[in-house]
Amino acid sequence: QVQLVESGGGLVQAGDSLRLSCAASGGTFSSYTMGWFRQAPGKEREFVATISRSGGSTSYADSVKGRFTISRDNAKNTVYLQMNSLKPEDTAVYYCAAAKIGGTRTREYAYWGQGTQVTVSS
C-alpha cells in the first residue's frame, strides 16, 4: 500500500511559479510510474504529467507543455511538479498518483494523494 502526500500549493498571481512535491511511503517508490492530475471546480479530473519509474521518460498534457516540468528523486521517494508561467486556468486541486503501469488516464492509477490547492489570480 502506497501513501502519497502532496504539498506546495498556494495562491499566486498569473505568471508566477510554484513547485509541488509529493512524498511517497509504504512501497518501493522506484517501481511506480508517477503522475500529476488536477481537478477544477465542476470539472472532471484531468491528466497533467507523468514520469516513468527511472525518470527517463515524461509526458505532458498539451495545456501545460513547455510550462510545467515533472521530475522525481527516487532516493527521496518524492515526485515534483515545477509549474512556471501560471495562468488562471491552472487553478485546481492537484493530485499525485502512483501506478505500476500508468499513462494518462485516471483509472490506470491505484494510489492517490489527498490533493493540494493551486489558485492563480489574474
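Here, every reference points to the structure presented above.
All of the points below concern the structure found in this document.

Parameters and conventions
Residues numbered from 1 in each chain as written. Predicted model: local features only at pLDDT ≥ 70, side-chain atom pairs only at ≥ 80, totals over all residues. Heavy atoms only, no water. Phe/Tyr/Trp six-rings, centres within 6.5 Å; stacked < 30°, edge-to-face > 60°. Helix = DSSP H or I, 4+ residues; strand = E, 2+ residues; numbered from the N terminus. Buried < 20%, exposed > 50% of the residue type's maximum accessible area, 1.4 Å probe, protein only. Pairing = 2+ DSSP bridges.

The next subject is the packing of aromatic side chains. A complete count under the given rule lists six aromatic pairs for this structure. A ring pair is formed by Phe 37 and Phe 47, whose centres lie 5.8 Å apart and whose planes are at 70°; its orientation type is edge-to-face. Separated by 10 residues along the polypeptide, Phe 37 in strand β4 (residues 33-39) and Phe 47 in strand β5 (residues 46-51) bring together distant segments of the chain. Side by side, Phe 37 and Phe 47 carry an identical accessibility label, which is buried. Between the aromatic rings of Tyr 95 and Trp 112, the centroid separation amounts to 6.5 Å while the plane-to-plane angle is 80°, which identifies the pairing as edge-to-face. With a gap of 17 residues between them, Tyr 95 in strand β9 (residues 92-99) and Trp 112 in strand β10 (residues 111-112) connect regions that are remote in the sequence.

A word on the environment of Glu 89. Residue position: Glu 89 is located in the loop between β8 (78-83) and β9. For Glu 89, a relative accessible area of 57% translates into the label exposed. Here the alpha-carbon distance between Glu 89 and Val 48, two residues 41 residues apart in the chain, equals 13 Å.

The buried count for β9 comes to eight of eight residues, which makes it a mostly enclosed element. Pairing between β4 and β9: seven bridges, direction antiparallel. Each residue of the ladder has a partner; that of Thr 33, found in β9, is Ala 99. Two strands pair when backbone bridges link them, and β9 and strand β11 (residues 116-121) are joined in this way by three bridges, in the antiparallel orientation. Note that in β11 the partner of Tyr 94 across the bridge is Thr 116. Across two bridges, the pairing between β9 and β10 is antiparallel. Looking at β10, one finds that Ala 97 is bridged to Trp 112.

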